[in-house]
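The residues making up each chain are set out below.
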There are 2 protein chains.
Amino acid sequence: MIPVADIEAAAKRLEGIAVETPLIESPGLDARAAGRVWIKPENLQRTGSFKIRGAYNLMSQLTAEQAARGVVAWSSGNHAQGVACAGRLLNIRTAIVMPEDAPRAKLDNTRSLGGEVITYDRYTGDREAIARSIAEERGAEIVPSYDHEHIIAGQGTVGLEIADAMLERGERPDQVLICCGGGGLSAGSAIALRSRFPDVRIHTVEPAAFDDTARSLASGERQQVAAEMTSICDALLAHEPGRKTFPINLALTGPGLSVSDDEVRHAMRFAFEHLKMVVEPGGAVALAAVLAGRIETRDRTTAIVLSGGNVDAELFAEIQAEPN
Amino acid sequence: MIPVADIEAAAKRLEGIAVETPLIESPGLDARAAGRVWIKPENLQRTGSFKIRGAYNLMSQLTAEQAARGVVAWSSGNHAQGVACAGRLLNIRTAIVMPEDAPRAKLDNTRSLGGEVITYDRYTGDREAIARSIAEERGAEIVPSYDHEHIIAGQGTVGLEIADAMLERGERPDQVLICCGGGGLSAGSAIALRSRFPDVRIHTVEPAAFDDTARSLASGERQQVAAEMTSICDALLAHEPGRKTFPINLALTGPGLSVSDDEVRHAMRFAFEHLKMVVEPGGAVALAAVLAGRIETRDRTTAIVLSGGNVDAELFAEIQAEPN
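Quantities reported herein were computed from a predicted structural model and do not represent experimental measurements. (Residues numbered from 1 in each chain as written. Chains lettered and ligands numbered in written order. Predicted model: local features only at pLDDT ≥ 70, side-chain atom pairs only at ≥ 80, totals over all residues. Heavy atoms only, no water.)

1. As for the packing of aromatic side chains
- Inspection of every chain in the model, using the stated rule, returns five aromatic pairs over all chains.
- Ring geometry for A:Phe272 versus A:Phe316: centroids 6.0 Å apart, planes at 65°, classification edge-to-face. Here A:Phe272 is found in helix H12 (residues 261-275), whereas its partner A:Phe316 is found in helix H14 (residues 313-321), with 44 residues between them in sequence. Neither residue differs from the other here; A:Phe272 and A:Phe316 are each classed as buried.
- Within the aromatic cluster, the residues linked to one another by ring pairs are A:Phe272, A:Phe316, B:Phe272 and B:Phe316. (Phe/Tyr/Trp six-rings, centres within 6.5 Å; stacked < 30°, edge-to-face > 60°. Helix = DSSP H or I, 4+ residues; strand = E, 2+ residues; numbered from the N terminus. Buried < 20%, exposed > 50% of the residue type's maximum accessible area, 1.4 Å probe, protein only.)

2. Brief notes about the relation of the copies chain A and chain B
- Superposing chain A onto chain B takes a rotation of 180° plus a shift of 0.0 Å along the axis, which leaves an RMSD of 0.0 Å. A rotation of that kind, with that shift, is consistent with a two-fold axis. The rotation axis passes nearest to the C-alpha of A:Met277 in chain A, at a distance of 2.2 Å.
- In this assembly the copies share their binding face: 100% of the residues contributing to the interface of chain A also contribute to that of chain B. (Least-squares fit on C-alpha atoms with pLDDT ≥ 70 in both. Contact = heavy atoms within 4.5 Å.)

3. Describing the state of the cysteines
- For the structure on display, the rule yields zero disulfides over all chains.
- No disulfide involves A:Cys180; its nearest neighbouring cysteine sulfur is the one of A:Cys179, lying 7.6 Å away.
- Accessibility expressed as a relative area gives 1% for A:Cys180, which makes it buried.
- Free of any disulfide, B:Cys85 has its nearest neighbouring cysteine sulfur in B:Cys179, separated by 19 Å. (Disulfide = S-S within 2.5 Å.)

4. Focus: unusual backbone geometry
- For the bond running from A:Gly254 to A:Pro255, omega is -5°, close enough to zero to count as cis.
- Phi at B:Thr47 takes a positive value of approximately 75°, unusual for a residue other than glycine.
- Structurally, B:Thr47 is set in the loop between strand S2 (36-41) and helix H3 (51-59).
- Assessed through its relative accessible area of 16%, B:Thr47 is described here as buried.
- For B:Asp299, which is not a glycine, the phi torsion comes out positive at approximately 60°.
- Relative to the elements of secondary structure, B:Asp299 occurs in the loop between helix H13 (285-291) and strand S10 (301-306).
- Given a relative accessible area of 70%, B:Asp299 falls into the exposed group.

5. A short note on the packing of H12(A) against H14(A)
Residues and elements named next belong to chain A.
- The interhelical angle for the contact between H12 and H14, taken along N-to-C directions, is 90°, at an axis separation of 9 Å. Looking at the two axes, H12 sits roughly perpendicular to H14. Only Phe316, Glu318, Ile319 and Gln320 of H14 make contact with H12, whose side of the interface consists of Arg265, Met268, Arg269 and Phe272. (Axes fitted to C-alpha atoms, helices over the stretch in contact; angles between N-to-C directions. Parallel < 35°, antiparallel > 145°, perpendicular 65-115°, else oblique.)

6. Digging into a negative patch on the surface
- The grouping of A:Glu20, A:Glu168, B:Glu20 and B:Glu168 at the surface amounts to a negative patch.
- Its place among the elements puts A:Glu20 in the loop between helix H1 (4-14) and strand S1 (24-25).
- A residue is classified by how much of its surface remains accessible, and A:Glu20, at 61% relative accessible area, is exposed. (Patch = residues over 30% accessible without salt bridge, like charges linked within 9 Å, V, L, I, M, F, W, Y side chains within 5 Å. Areas by Shrake-Rupley, 256 points an atom, 1.4 Å probe, with all protein chains shown as cover. Salt bridge = Lys/Arg side-chain N within 4 Å of Asp/Glu carboxyl O. Lys, Arg positive; Asp, Glu negative; His and termini not counted. Charge placed at Lys NZ, Arg CZ, Asp CG, Glu CD.)

7. A word on the domain arrangement of chain A
Residues and elements named next belong to chain A.
- When the domains of chain A are assigned, the result is domain 1 (4-46 + 152-321) and domain 2 (51-142).
- Between the C-alpha centres of domain 1 and domain 2 the distance comes to 23 Å.
- Contact with domain 1, which involves 23 residues of that partner, is made by 19 residues of domain 2.
- When domain 1 packs against domain 2, the two sides together hide about 1,700 Å² of surface, and 50% of this comes from carbon and sulfur.
- Between the two partners, domain 1 and domain 2, sit four salt bridges.
- The closest approach of N and O atoms between Lys106 and Glu280, which form a salt bridge, is 2.7 Å.
- Broken down by secondary-structure element, the contributors of at least two residues to the side of domain 1 that touches domain 2 are H1 and helix H8 (149-169).
- Here the side of domain 1 that touches domain 2 gets six residues from one element, more than from any other, and that element is H8. (Domains from an automatic or database assignment. Buried area = accessible area lost by both parts, 1.4 Å probe.)

8. Concerning the pattern of salt bridges
- In this structure the tally under the stated criterion is 46 salt bridges over all chains.
- Where A:Arg265 meets A:Glu318, a salt bridge forms, and the shortest distance between an N and an O atom there is 2.7 Å. Of the two residues, A:Arg265 is situated in helix H12 and A:Glu318 in helix H14; the sequence distance between them amounts to 53 residues.
- Looking at A:Arg265, the relative accessible area reads 15%, which means it is buried.
- One salt bridge in this structure joins B:Arg53 and B:Glu42, with 2.6 Å as the shortest N-O distance. Placement of the pair is B:Arg53 in helix H3 and B:Glu42 in the loop between S2 and H3, with a sequence separation of 11 residues.

9. A word on helix H10 (residues 212-219) of chain A
Residue and element names in this part refer to chain A.
- Considered for burial, the residues of H10 that qualify are Asp212, Thr213, Ala214, Ser216 and Leu217.
- Buried-residue contacts for H10 involve strand S8 (201-207) and helix H11 (245-252).
- Phi turns positive one or two residues past the end of H10, at Gly220, with a value near 85°.

10. Section: the sheet that holds S10(B)
- The mixed open sheet is built from six strands, whose spatial order is S1-S2-S10-S7-S8-S9 (chain B). The outermost strands of the open sheet, each flanked by one partner alone, are strand S1 (24-25) and strand S9 (257-259) of chain B. (Pairing = 2+ DSSP bridges.)

11. Re the interface of chain A and chain B
- Listed per partner, the contact involves 23 residues of chain A and 23 residues of chain B.
- Contact between chain A and chain B buries roughly 1,900 Å² in total, counting both sides, with carbon and sulfur atoms accounting for 73%.
- Summed over the shared surface of chain A and chain B, the number is six residue pairs in polar contact (both at pLDDT 80 or more).
- Listing elements by their share of the side of chain A that touches chain B, those giving two or more residues are S1, H12 and H14 of chain A.
- With four residues, the top contributor of residues to the side of chain A that touches chain B is H14(A).
- Split into classes, the residues belonging to the side of chain A that touches chain B amount to 13 nonpolar, five polar and five charged. (Polar contact = N/O pair within 3.5 Å; in protein donor to acceptor, adjacent residues only side chain to side chain. Nonpolar A, V, L, I, M, F, W, Y, C, P; charged D, E, K, R; others polar.)

Laid out in structure tokens, this is it:
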């Protein structure tokens, strides 16, 4: 288990780097949920997702010698932007291996933040092998997207900010819903939330086709999903829980929830119409779980994380044009 | 001049009614402005715009006898939703005269909030005459969209919240940019902002084709724009400054800024890509003024209001699809 002090230390490091995103309310969402729902909009975060938190927390702790050799990462796009942005802020060279069919906004933003982007074919390529060969060649450090203590602690500052903002308002969450790919955000946030609210229930939310964490939490052991699955939630396509994140999620969260792609699309329309926010598919799963009634919200206080907003305008328009 | 105490009293009335929207920062916008820009996102407000503030502040001060006879208003859509929502919260019957070509979302939301919508033809009808005849028939009170002390005080809570949030952060705004139709939001906000920051410069921002306030501020007298003008900013199509709002704006704001519809469209794309927020055309004029360089932002601290987010999905998609 990572001590909450590591998350508090990460929060210090991130002061003036990450945006302290607000905790916001929506009377429209409260009415729909028949309870109180607090929203943590990490789509408003620097780089459009929470990923800058973990990336900066890790990269700012590299030695000068390590930093001089640069870093390598692989990512479908949000971690890529987080790493590239942290690299620019810390003056560290960054190379990121990304699928060639990643959302255009994620590819473009990673490059415009100074990241060197190496693309691969999502279905035939091995991104880890590509990244490891670059790392070896350059003597560069690898910045994992979730399975590292510093990444988990950095992402945990999201939970810390939720907890502290609720304490400040005199509110107490009954439950917190957090999207889950590899499980770094939920693991770190669970540690922070439980340190402030020992009884709060924390639920991961995944795309139904990538519900490896939900099934792993149910069985108590790391389960994999089939390699051929697909989902609109490009940010959450992990096939199994992390080695380091899973024990934390197993101890502090559950049961895991999951939502269909159609429920995600509906949530993105709800966010446009009622929250006036741009949320990407993977960023909308916790909202989708509330709207689809995956968990009781009546007369409860629920907090949800909107984890990112990096969606291409074409897909966004396509989804908005669909009937509700 | 309206005393700031009236705005503080309005803020009390609005507790638990209006959302206390956050003051947020965007490193991407700061970089573009070469200075610090704080954003007050009233698109995240209940009903999707700031208008609930003034409507509720006025309607909650009606006598029981007045309330029982209901209210009438005219509006292109945001004031309509504010009035309908306040009516639902206060159990007051509301009738709102709206142009038949108002954004569908505004018409639908007004109805779903329980407002009785009476449509008219924007080019041939006289909305005031229609509203006044209904008011006379029913003995109903008219809720003006800007030219009333209680409306001005209610909208002024936006400026009050900006000022108090900046004081809390130890920040001091050099200038605040506020969109302007009839001038209620800018007048009320200017009173509140000047009470906390006596030297702050406040600028109204209008669509270039509806720059009646800018020209009136320059000449010192209320000027009209031609009746046949059009703009994408459906929320800001006032032809002349208000009788009550103008003297306040003349005393506390200026010079007035204006932006083209193309600059507004660009700002809406910037908000999607970089702020991850849905902003309607009229809500984006202050952002547009920053992005178009209508005012010096380099090394300054600027606050801007995003006043609303009620835009139809079709228009939003059309604008996002345009080249930058």
